[in-house]
Amino acid sequence: MTTDDDRDRTKRRFADAQALIHFGVWEYDARTQQLYWSDELYQILGMAPGGVPPTFEMFLARVYPADLTTVKAYISKARKERSPSSLEFRVVRPTGEVRTIQ
């Protein structure tokens, strides 16, 4: 039987693993249109974890301007096809630092 302590320990380990390999996780609930970002995804984007509830617009504002059209097209295609794929693109952190993410 899984206890709350076991679940908490698993969550902490998963968060530690994300931080170690710089792997962020996001989740979108189409029904409620709510977005969830892991703490590491906030960090990747140069934002304080949990400081501001994430929005799609907030994410798009971080996308490198020259990559924005490609990212929007990718998202539109992903919503229609619902099949696994990946995309590499750049984001601009609040400090101006540009990072490439996949």
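What counts and what doesn't
Residues numbered from 1 in each chain as written. Predicted model: local features only at pLDDT ≥ 70, side-chain atom pairs only at ≥ 80, totals over all residues. Heavy atoms only, no water. Helix = DSSP H or I, 4+ residues; strand = E, 2+ residues; numbered from the N terminus. Buried < 20%, exposed > 50% of the residue type's maximum accessible area, 1.4 Å probe, protein only. Contact = heavy atoms within 4.5 Å. Phe/Tyr/Trp six-rings, centres within 6.5 Å; stacked < 30°, edge-to-face > 60°. Lys NZ or Arg CZ within 6 Å of the ring centre and 35° of its normal. Core = buried A, V, L, I, M, F, W, Y, C linked by side-chain atoms within 4.5 Å. pLDDT = per-residue confidence, 0-100. Salt bridge = Lys/Arg side-chain N within 4 Å of Asp/Glu carboxyl O.

### Topic: the overall build of the protein chain
Stage number 1. Tallying secondary structure elements over the protein chain gives 4 helices and 4 strands in all.
Stage number 2. Of the regular secondary structure in the protein chain, the N- to C-terminal order runs α-β-β-α-α-α-β-β.
Stage number 3. Across the 102 residues of the protein chain, 24% fall into the buried class.
Stage number 4. The long-range fraction of contacts in the protein chain, counting pairs at least 24 apart against all pairs at least 6 apart in sequence, stands at 22%.

### With respect to the environment of Val-91
Stage number 1. Here Val-91 lies in strand E3 (residues 89-92).
Stage number 2. Remark: the alpha-carbon pair of Val-91 and Phe-59, spanning 32 residues in sequence, is separated by 9.0 Å.
Stage number 3. Those residues in contact with Val-91 that lie beyond four places of it in its chain are Leu-45, Arg-62, Val-63, Tyr-64, Glu-97, Val-98, Arg-99 and Ile-101.

### Some thoughts on the packing of aromatic side chains
Stage number 1. Counted according to the given criterion, the structure contains 2 aromatic pairs.
Stage number 2. On the basis of an interplanar angle of 65 degrees and a centroid distance of 5.2 Å, the ring pair of Trp-37 and Tyr-42 is categorised as edge-to-face.
Stage number 3. Ring centres 6.0 Å apart and planes at 90 degrees place the aromatic pair Phe-59 and Phe-89 in the edge-to-face group. Of this pair, Phe-59 sits in helix H3 (residues 56-62) while Phe-89 sits in strand E3, placing them 30 residues apart in sequence.
Stage number 4. The side chain of Arg-79 reaches across the aromatic face of Phe-56, ending 5.3 Å from its centre.

### Examining the nonpolar core
Stage number 1. By size, the foremost hydrophobic cluster in this structure holds 17 residues, and its most contacted members are Trp-37, Leu-45, Met-47, Phe-59, Val-71 and Phe-89.
Stage number 2. Sorting the residues of this core by element identifies strand E2 (34-37), helix H2 (39-44), H3, helix H4 (68-81) and E3 as the ones contributing at least two each.
Stage number 3. Apart from residues no more than four positions distant in its own chain, Phe-89 is found in contact with Phe-59, Val-63, Asp-67, Val-71, Arg-99, Thr-100 and Ile-101.

### Notes on the confidence of the model for the protein chain
Stage number 1. When the pLDDT values of the protein chain are averaged, the result is 83; 81% of them are 70 or greater.
Stage number 2. Least confident of the elements in the protein chain is helix H1 (residues 4-21), whose mean pLDDT is 63; most confident is E3, at 95.

### As for the pattern of salt bridges
Stage number 1. Summed over the entire model, instances satisfying the criterion amount to 4 salt bridges.
Stage number 2. Here Arg-90 and Asp-67 are joined by a salt bridge, their closest N and O atoms 2.7 Å apart. Of this pair, Arg-90 sits in strand E3 while Asp-67 sits in the loop between H3 and H4; the two residues are 23 residues apart in sequence, bridging distant segments of the chain.
Stage number 3. Here Glu-97 makes a salt bridge to Arg-99, at a shortest N to O gap of 3.3 Å.
Stage number 4. Look at Arg-99 and you get partly exposed, because its relative accessible area is 29%.
Stage number 5. A network of salt bridges, in which partner residues are shared, links Arg-93, Glu-97 and Arg-99.

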